[in-house]
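Breakdown of the fold
One-letter residues, chain by chain:
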Amino acid sequence: MAIAIKTRRYVGNGTSLELAAELCVGCGDCVEVCPHGVLALVDREGGREGAAGRRLSSEVIAILDRAACMECGACARNCPTSALNVKAGVGCAAAIINGKLRGTAPNCDCGDSGCC
Amino acid sequence: MQQVRVRPFAPLAKKSQDRVAGFRELGSDGGPWIEGYLSIGRRSIPKVSTRIDRRDRLGALRVRLGFGRDRYRILPGLYAVGSPGTDSPVLVSANYKLSFDTLRRELGGLDLWLLVIDTKGVNVWCAAGKGSFGTAELVAKLGQCRLGDIVAHRELILPQLGAAGVSGPELRKESGFRAIWGPVRACDIRAFLAAGKKKTQAMSRVNFGLGERLLLAPIEVVHAWPALLAALGLGFLAGLPFAPGWIGRSLSVAIILAGSVLAGAAGFPALLFILPTRSFSIKGAFLGLLWGALASWAFALPLGLAAGLCLVSSAVVAWLGLNFTGSTTFTSPSGAAKEVERTIWPAAIGTGAGLALAALSTALRF
Ligand code: SF4
Ligand code: SF4
């Protein structure tokens, strides 16, 4: 099974996923919404002393499997402290070509038609 | 427009049904999946059947083939399943009829509320990506349906794939409702509820198995019809100047080209994880080359023509493969953008060179 899950990867996956670990409060909501098991809570290393003497959570998010990240943006949207950031968008080639032709952001032209 | 027979639990005047928020049109187009109305105070809430009938199956078949998908929607609003009360869970869903059917068929024997929000007939996953399955729409529907008056708790069970569009923290701030992320697939919802709204790891992962991929093949083939037509046209041209034996040559060229379109539209999804590398265009080029070579060999085509067709075939399948990134659940925008950039010129040049080579070989007979 491990092999089967490993193959569901794609070139360039997760390029834009960013984590600001000092903002993370360890709530785990991002782990809950990620459909690819990219993120996990781990023990915070290097002490819990944050900037301006702020006490940090004992657990913090780590990016375990970046290559599995499809940049859906669910984690960033549901992080209460904006510790995660990702450039989410429509991940299909047709959308990107449409966007290029019109000079706009990628848009899959399926409009309201339920294409994908 | 067919007449809908509803069996109201409490006889309701047409007028008072009309007044129920969000269901103005139910009288004329409620659909056979409404099996009655539930009276709560002065409101009547449509009760959803959990059985799928022949009409639903035909509809599903039709949209799987790509016809009338944009009209395959149901009315947004609050629905009841079974006999829910003030403590019953609330599930949130999109108003794409296919998604709605997939969900309600899993709900037999359960008592719960179903809040259908307006995603313009798009499934949860795509609608979340576009933002129509989003916090604003959800908050608006909560208000319109006055869900707060009907249930005593403040929890919504949302499909996990909706998390790309709905923000739990914002939802809480704006409506007081807490988002609970349910399973990815509707078929796990019963187990999820039975386990006290807890997911197993498998319930929260998308895996895109063979069955899921094959369901997408028919629509890819239907969408590829212009390419199929072009393949037949080019095959005919290959018969020029219609010297004896042209039919055989025409046919083999047409079959190889049309076959490459089918390989891209149906073979590619099926073999996705078997083909080498992570790049969809390289996977496609490989499959196209394989098909072109095998078929040319089977038809014993002259070498030049075979090489030309192989080039065209691998460019075509690479391109269709790249297009399939739109249907998967694991390709990222960064990756797709990179691949488009890398594929567009090689594919165009490959097609051009392949066609030229094939034409030359036909004309000069090598
Ligand atoms: S963007 Fe999506 S796939 Fe990537 S880590 Fe966040 S939730 Fe997971
Ligand atoms: S949602 Fe944000 S704060 Fe919570 S664990 Fe994830 S990164 Fe940390």
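Once a new chain begins, its residue numbering starts again from 1 and follows that chain's sequence as written. Chain labels run from A onward and ligand labels from 1 onward, assigned in the order the entries are written. The model is predicted, so local features are restricted to residues of pLDDT at least 70 and side-chain atom pairs to those at 80 or more, both for listing and for counting; the totals for chains, interfaces and linings are taken over all residues. Side-chain descriptors were evaluated using all non-hydrogen atoms of the structure, hydrogens and water having been removed beforehand.

As for the overall build of chain A
Counting its regular elements, chain A contains 4 helices and 4 strands. A run of H or I in DSSP counts as a helix once it spans at least four residues, and a run of E counts as a strand once it spans at least two, with each numbered from the N terminus. Ordered by position in the sequence, the α and β elements of chain A form the string α-β-α-β-β-α-β-α. Per-residue accessibility, obtained with a 1.4 Å probe over protein chains only, is compared with the maximum for each type, and a residue is labelled buried under 20%, exposed over 50%, and partly exposed between these values. A burial count over chain A gives 45% of its 116 residues as buried. Only heavy atoms matter for contacts: two residues are in contact if any of them lie within 4.5 Å across the pair. Of all intrachain contacts in chain A linking residues separated by at least 6 positions in sequence, the fraction that spans at least 24 positions is 54%. Put simply, chain A shows about 5900 Å² of open surface, and 54% of that area lies on carbon and sulfur atoms. The method behind every accessible area is Shrake-Rupley, applied with a 1.4 Å probe, and residues are considered shielded solely by the protein chains displayed.

Quick look at the confidence of the model for chain B
Residue and element names in this part refer to chain B. Chain-level statistics for chain B give a pLDDT mean of 81 and a share of 89% at 70 or above. Low pLDDT, under 50, characterises residues 1-29; the predicted model gives this stretch 41 contacts beyond four residues in sequence or across chains. The ipTM for the predicted assembly is 0.75, set against a pTM of 0.75. Predictor confidence is given residue by residue as pLDDT, running from a minimum of 0 to a maximum of 100.

Focus: the packing of helix α11 (residues 225-238) of chain B against helix α12 (residues 246-271) of chain B
In a pair of packed helices, the angle between the axes and the distance between the axes together describe the arrangement. All names here are of chain B. Axis geometry follows a simple rule: fit a line to the C-alpha atoms, using only the stretch in contact for helices, then measure angles between N-to-C directions, giving values from 0 to 180 degrees. Across the interface, α11 lies against α12 with an axial gap of 7 Å and an inter-helix angle of 160°. Of the possible angle classes, the one that applies to α11 and α12 is roughly antiparallel. For the crossing formed where α11 meets α12, the hand is right-handed. Of α12, the residues touching α11 (which contributes A227, L228, A231, L232, L234, G235, F236 and A238) are W246, R249, S250, V253, A254, L257, A258, V261 and L262. Orientation categories follow fixed angle ranges, with anything under 35 degrees roughly parallel, anything over 145 roughly antiparallel, 65 to 115 roughly perpendicular, and all other angles oblique. Working rule for handedness: look at the near helix, and if it is turned counterclockwise from the far one by less than a right angle, call the crossing left-handed; if clockwise, right-handed.

Details of the packing of aromatic side chains
Centre distance and the angle of the planes are the two values used to describe a pair of aromatic rings. Residue and element names in this part refer to chain B. Classification of ring pairs rests on two measures: the distance between centres of Phe, Tyr or Trp rings, Trp counted by its six-membered ring, which must be within 6.5 Å, and the angle between planes, read as stacked under 30 degrees, edge-to-face over 60 and tilted in between. All chains considered together, the criterion is met by 3 aromatic pairs over all chains. Ring geometry for Y79 and F100: centres 5.8 Å apart, planes at 50°, overall tilted. Of the two residues, Y79 sits in strand β3 (residues 77-81) while F100 sits in helix α4 (residues 97-104), which places them 21 residues apart along the sequence. We classify F100 as buried; its relative accessible area is 0%. Taken together, the ring pairs connect F268, F280 and F324 into an aromatic cluster.

Considering unusual backbone geometry
All names here are of chain B. Backbone geometry places K197, a non-glycine residue, at a positive phi of 60°. Examined against the element boundaries, K197 turns out to sit in the loop between α9 (189-194) and α10 (210-223). On the basis of relative accessible area, K197 is assigned to the partly exposed category, the value being 32%. A positive phi angle is found at A300, which is not glycine, with a value near 50°. One can find A300 in the loop between α13 (280-299) and α14 (303-323). Under the relative-accessibility criterion, A300 is labelled exposed at 64%.

Focus on the domain arrangement of chain B
Residues and elements named next belong to chain B. We note that the domain assignment places domain 1 (5-206) and domain 2 (211-364) within chain B. As a working definition, buried area equals the accessible area (1.4 Å probe) given up by two parts on being put together, with both sides summed. Approximately 660 Å² of surface area, both sides summed, lies buried where domain 1 meets domain 2, with 66% of it carried by carbon and sulfur atoms. A pairing counts as a salt bridge when a side-chain nitrogen of Lys or Arg comes within 4 Å of a carboxyl oxygen of Asp or Glu. On the surface where domain 1 and domain 2 come into contact, there are 0 salt bridges. Under the rule applied, a polar contact is a pair of N or O atoms within 3.5 Å (in protein, one hydrogen donor and one hydrogen acceptor; residues adjacent in sequence only if both atoms are side-chain atoms). Across the contact surface, domain 1 and domain 2 share 0 residue pairs in polar contact (both at pLDDT 80 or more). Of the residues assigned to the side of domain 1 that touches domain 2, the class counts are 5 nonpolar, 1 polar and 2 charged. An automatic or database domain assignment is the source of the domain bounds shown. Under the scheme applied, nonpolar residues are Ala, Val, Leu, Ile, Met, Phe, Trp, Tyr, Cys and Pro; charged residues are Asp, Glu, Lys and Arg; polar residues are all the others, including Gly.

Observations regarding the pairing of strand β1 (residues 34-40) of chain B
The pairing of β1(B) with strand β2 (residues 43-48) of chain B spans 6 bridges and is classified as antiparallel. Within β2(B), the position partnered with I40(B) by the bridge is R43(B). DSSP-based pairing: two strands are paired if at least 2 bridges between them are found.

Here's the deal with the confidence of the model for chain A
Confidence in the prediction of chain A, expressed as mean pLDDT, is 74, and 64% of residues score 70 or more. Contacts from residues 107-116 of chain A, a stretch scored under 50 in pLDDT, to residues over four places away or in other chains number 30 contacts.

Focus on the pattern of salt bridges
Residue and element names in this part refer to chain B. Across all of its chains, the model carries 10 salt bridges over all chains by this definition. The residue K120 makes a salt bridge to D118 at a minimum N-O spacing of 4.0 Å. With relative accessibility at 34%, the residue K120 sits in the partly exposed group. The exposure class of D118 is partly exposed, given its relative accessible area of 23%. Each member of the salt-bridge network shares a partner with another, and the members are D56, K97, D101 and R104.

Remarks on the site of ligand 2
The full set of residues close to ligand 2 is C24(A), V25(A), G26(A), C27(A), G28(A), C30(A), I61(A), C79(A), P80(A), T81(A), A83(A) and L84(A). Residues of the shell around ligand 2, tallied by class, amount to 9 nonpolar, 3 polar and no charged. Being near a molecule or strand, for a residue, comes down to having at least one heavy atom within 4 Å of it.

Observations regarding the side chain of H36(A)
Mapped onto the secondary structure, H36(A) falls in the loop between α2 (29-33) and β2 (39-43). When neighbours within four sequence positions are excluded, H36(A) is seen to be in contact with A68(A), M70(A), R205(B), V206(B), T329(B) and F330(B).

Digging into helix α3 (residues 54-64) of chain B
Residues and elements named next belong to chain B. When we look at burial in α3, the residues that qualify are D56, G59, A60 and V63. Buried residues of α3, seen end-on, are gathered within an arc of 100° and therefore sit on one face of the element. Opposite its buried face, α3 presents the exposed residues R54, R57 and L61, each directed more than 90 degrees away. Buried residues along α3 sit against α4 and α10. Just downstream of α3, G66 is the residue with a positive phi angle, here 95°. In this description, one arc is meant: the one made by directions from the helix axis to the C-beta atoms.

A few points about the site of ligand 1
Around ligand 1 lies a shell formed by L17(A), C34(A), P35(A), V38(A), L39(A), C69(A), M70(A), E71(A), C72(A), G73(A), A74(A) and C75(A). Taken together, the residues of the shell around ligand 1 sort by class into 10 nonpolar, 1 polar and 1 charged.

So, the packing of α10(B) against α12(B)
Residues and elements named next belong to chain B. Direction vectors running N to C along α10 and α12 enclose 170°, while the axes themselves pass 8 Å from each other. Our classification of the angle between α10 and α12 gives roughly antiparallel. Counted together, L210, R213, L214, A217, E220 and V221 of α10 and L262, A265, A266, P269 and A270 of α12 form the full contact between these two elements. Grouping the constituent residues of the contact of α10 with α12 by class yields 9 nonpolar, no polar and 2 charged.

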